[in-house]
Amino acid sequence: MSSPFTAEAVEAIKRHMNDDHGDDALLIVRGLGGRPAATQAVTSGVDAEAIEFTVDGGERVRVAWGETLTERQQVRLAVVRLYREACAALGVEARGEH
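We now turn to the structure provided with this report. (Residues numbered from 1 in each chain as written. Predicted model: local features only at pLDDT ≥ 70, side-chain atom pairs only at ≥ 80, totals over all residues. Heavy atoms only, no water.)

### Overview of the overall build of the chain
A tally of helices and strands in the chain yields three helices and three strands. Start at the N end of the chain and walk to the C end: the helices and strands fall as α-α-β-β-β-α. On C-alpha atoms alone, the chain measures out to a radius of gyration of 12 Å, which is about the 13 Å that the 2.2 N^0.38 rule sets for 98 residues. Residues counted as buried form 42% of the 98 residues belonging to the chain. A sequence separation of at least 24 residues applies to 43% of the contacts in the chain between residues at least 6 apart. Counting every atom, the chain has about 5,400 Å² of accessible surface; 49% of that belongs to carbon and sulfur. (Helix = DSSP H or I, 4+ residues; strand = E, 2+ residues; numbered from the N terminus. Rg over C-alpha atoms; globule rule 2.2 N^0.38 Å. Buried < 20%, exposed > 50% of the residue type's maximum accessible area, 1.4 Å probe, protein only. Contact = heavy atoms within 4.5 Å. Areas by Shrake-Rupley, 256 points an atom, 1.4 Å probe, with all protein chains shown as cover.)

Following this line, the structure appears as structure tokens:
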């Protein structure tokens, strides 16, 4: 994985995703990660090209950002975009605030 992010930044992003956005991660894995039957998704990695999840306790699934990220602040917008795309793919209404 190539990453413009420090190890500390990656850990902070993973912690935030897992503590505050576990349901969103699961939607992303189901809608965009090719695992529609997944029951759990834990954010396990972040780099310039993708976000990675450990699904159902084992398999790793990468979901591409759709662009190459170069700065940490881009991650939030990229995750929100993936979340909205996943909701649309699954026919689930996205929350207004994120």
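### Notes on the environment of Val55
Tracing the backbone shows Val55 in strand β2 (residues 50-55). Looking at Val55, the relative accessible area reads 5%, which means it is buried. Between the alpha carbons of Val55 and Ala38 there is a distance of 6.7 Å; along the sequence they are 17 residues apart. In contact with Val55, not counting residues within four places along its chain, are Val29, Ala38, Gln40 and Val61.

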